Amino acid sequence: MIILGIETSCDETASALVKDGNKIISSVVASQEKIHSKYFGVVPELASRAHLEKINYVIEKTLVAGSEKFDIVAYTSGPGLLGSLLVGQIVASTIGYVRNVPVVPVNHLEGHILSVLFDNPALKPPFLSLIVSGGHTELVIVKKIGQYKVLGRTRDDACGESFDKVAKMLRIGYPGGPKIEKLAKSGGPGSIKFPRPYLWGNWDFSFSGIKTAVLYHLRGKYPDPGEKISRKDIVNVCASFQQAVIDTLVHKTIKCSQQHKLNNIAVAGGVSANGTLRKQFINAVNREKNMKVYFPEIKLSTDNAAMIASAGYYRAMQLKKENKLGKGFSFSNNKVNPDLELD
Ligand code: KG4
Ligand code: ZN
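Attention here is on the structure that accompanies the text. Keep in mind that what you see is a predicted model, and the values were worked out from it rather than measured.

1. Regarding unusual backbone geometry
Line of reasoning, step 1. With an omega dihedral of 5°, the bond running from P125 to P126 counts as a cis peptide bond.
Line of reasoning, step 2. When you line up the elements, P126 lands in the loop between α4 (108–119) and β6 (127–132).
Line of reasoning, step 3. Between Y174 and P175 the backbone carries a cis peptide bond, its omega angle lying at -5°.
Line of reasoning, step 4. By secondary structure assignment, the location of P175 is in the loop between α5 (159–170) and α6 (176–184).
Line of reasoning, step 5. At D20, a residue that is not glycine, the phi angle is positive and equals roughly 50°.
Line of reasoning, step 6. Within the secondary structure layout, D20 lies in the loop between β2 (12–19) and β3 (23–31).
Line of reasoning, step 7. Located in the positive-phi region is R171, a residue other than glycine, with phi close to 55°.
Line of reasoning, step 8. Position of R171 among the secondary structure elements: in the loop between α5 and α6.
Line of reasoning, step 9. Among the residues examined, R171 registers a relative accessible area of 44% and is labelled partly exposed.

Right under this line is the structure:
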C-alpha cells in the first residue's frame with residue numbers, strides 16, 4: 001500500500017511517498033529557513049503563506065520522483081501552527097476528493113516517534129521514546145504502534161526552542177541547533193557552569209532556566225546590549241549550554257527507562273540530529289546493562305513527510321480494521337491520536 005504523506009505543521013513544506021509504512025519511495029522537503037532566519041524564529045503568518053506557495057510544487061516533485069499512484073493521503077493534523085496545518089489539511093482533502101482515496105489525519109508527534117523505525121526495523125514496541133523538537137520535549141512509552149502513554153513533557157520551552165533562543169541571544173542565526181552544535185566543537189563544555197534542571201520526582205523537563213542562565217551570563221559579561229560578543233565567549237557558551245541540555249536529557253531518559261524496565265530508547269525530533277547528543281547517549285547507554293538507544297537517519301530527525309506517511313499507514317490499517325476507512329476526508333476521523341494530545 002502506497003501512502004502520500006503531507007507535512008506542513010511548522011516551517012518545512014514536505015511530502016513523501018512511502019510503501020507499507022517503512023519503504024521510502026520519494027521524499028521532498030522545502031525549508032523556509034531563509035524566510036524566518038532574519039526573525040530568529042518562525043513567524044506563523046509567513047509560514048502559512050510559504051506553505052501555500054510551495055505545496056503544489058513539492059507534491060509534484062514527490063510524485064515525479066516516485067510514482068503517480070498512491071492509495072491513501074496522510075497529512076499532519078496537529079499539533080502545529082494553525083494556519084500552516086490548514087494548508088496541509090485542505091491540500092490533502094482536495095487530493096483525496098480528486099483521486100477518490102481515503103484521507104487520514106496524523107499526529108505529528110507520532111510521526112517523529114515512528115521516524116526511528118525506518119532505519120531500525122528490528123526495534124519493536126514496547127520501547128521508550130524521547131521526542132526533542134522545536135515544539136516538543138516528551139518522554140513517551142510506545143506500548144505498540146498507535147498506543148502511547150505520555151510520561152512527561154516540558155513545562156516551559158521545548159528543547160529545540162531553547163537552542164533557538166540561545167542562538168538568538170548569541171546572534172548566530174536560525175535554526176539555532178545546528179549553529180550551536182557547530183560552534184560548540186571549538187568551545188569548552190565545562191567552561192561555564194549552567195544548571196542541569198533534572199526535576200527529579202517526575203518525568204517532566206524544563207529548559208527555560210538554562211536559557212535564562214545563559215542570558216544572565218551574557219548580561220554579566222556584556223552589559224551593553226549592542227556590544228559584540230567575542231568568538232571565544234560564543235563557542236564556550238555554545239559548548240556549555242549544549243552540554244547542560246545533553247546531560248539533562250541523557251540522565252533523565254536513562255533513569256526513566258530503568259524505572260519502567262524498557263531497555264530500548266528511541267530518540268527523535270530535530271534535536272536528535274545533534275551528533276554530540278547521539279555520541280553521549282550511546283556512551284551512556286553502553287555503560288548500562290542490556291540497554292540500547294536508537295536514532296532516525298539524520299534527515300528524518302527534522303520535520304519530513306515520510307514519517308507522516310508511515311504513521312498514516314498504521315492509522316489507515318487500524319481504521320480499516322474498524323471499518324472506518326472511508327474515501328475522501330472525514331471530520332469524524334480528523335482527530336489526532338488522543339493518547340498523544342496535549343492537555
Ligand atoms: O523536529 P523539528 O524539525 O521541528 C519541530 O517539530 O519542531 O525540530 C526543529 C528543532 C529546532 O529547534 C532546531 O534548532 C533543532 O530542532 N535542531 C537541532 C539540531 N538540528 C535541528 N538542535 C540541536 N542540534 C542540532 N543539530
Ligand atoms: Zn517536528
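There is more to say, and it comes next.
2. Description of helix α9 (residues 275–286)
Line of reasoning, step 1. Its 12 residues give α9 an end-to-end C-alpha distance of 17 Å, which sits within 8% of 16 Å, the value for a rise of 1.5 Å per residue.
Line of reasoning, step 2. Inspection of α9 places T276, L277, R278, F281, A284 and V285 among the buried residues, and these make up the whole buried set.
Line of reasoning, step 3. Sitting at the amino-terminal end of α9 is N274, which places a side-chain oxygen 3.0 Å from the backbone nitrogen of T276.

3. As for the site of ligand 1
Line of reasoning, step 1. Taken together, 22 residues sit near ligand 1, with G134, D164, G177, E181 and D303 positioned nearest.
Line of reasoning, step 2. Measuring from an oxygen atom of ligand 1, one finds a side-chain N or O atom of D164 at 2.7 Å.
Line of reasoning, step 3. One of the backbone N or O atoms of D303 is found 2.9 Å from an oxygen atom in ligand 1.
Line of reasoning, step 4. Surface burial for ligand 1 is 92%, taken as the share of its 560 Å² of free accessible area covered by protein chains.
Line of reasoning, step 5. Under a 2 Å grid-point criterion requiring more than half of the atoms, the pocket assigned to ligand 1 is the largest pocket.

4. As for the coordination of the zinc ion (ligand 2)
Line of reasoning, step 1. Within the first shell, the zinc ion (ligand 2) binds the protein through H108 (NE2), H112 (NE2) and D303 (OD), at distances of 2.0 to 2.1 Å.
Line of reasoning, step 2. Of note is the zinc ion (ligand 2), whose four donor atoms meet at the metal with angles of 96 to 135° in an arrangement that counts as irregular.
Line of reasoning, step 3. Mapped onto the sequence, the donors of the zinc ion (ligand 2) take the spacing H-x3-H-x190-D. Here H108 is found in helix α4, whereas its partner D303 is found in the loop between α10 (298–301) and α11 (306–321), with 195 residues between them in sequence. For the pair H108 and D303, one class covers both residues: buried.

Thresholds applied
- Residues numbered from 1 in each chain as written.
- Chains lettered and ligands numbered in written order.
- Predicted model: local features only at pLDDT ≥ 70, side-chain atom pairs only at ≥ 80, totals over all residues.
- Heavy atoms only, no water.
- Helix = DSSP H or I, 4+ residues; strand = E, 2+ residues; numbered from the N terminus.
- Buried < 20%, exposed > 50% of the residue type's maximum accessible area, 1.4 Å probe, protein only.
- Expected span 1.5 Å × (residues − 1).
- Polar contact = N/O pair within 3.5 Å; in protein donor to acceptor, adjacent residues only side chain to side chain.
- Near = heavy atom within 4 Å.
- Areas by Shrake-Rupley, 256 points an atom, 1.4 Å probe, with all protein chains shown as cover.
- 1 Å grid on protein atoms, 1.4 Å probe; cavity = no way out; pocket = protein on both sides within 12 Å on 5 of 7 lines; lining within 4 Å.
- Sits in = over half its atoms within 2 Å of the grid points.
- Donors = N, O, S within 2.8 Å, 3.2 Å for Na, K, Ca; no water.
- Tetrahedral: all angles 85-135°; square planar, octahedral: opposite > 155°, others 65-115°.

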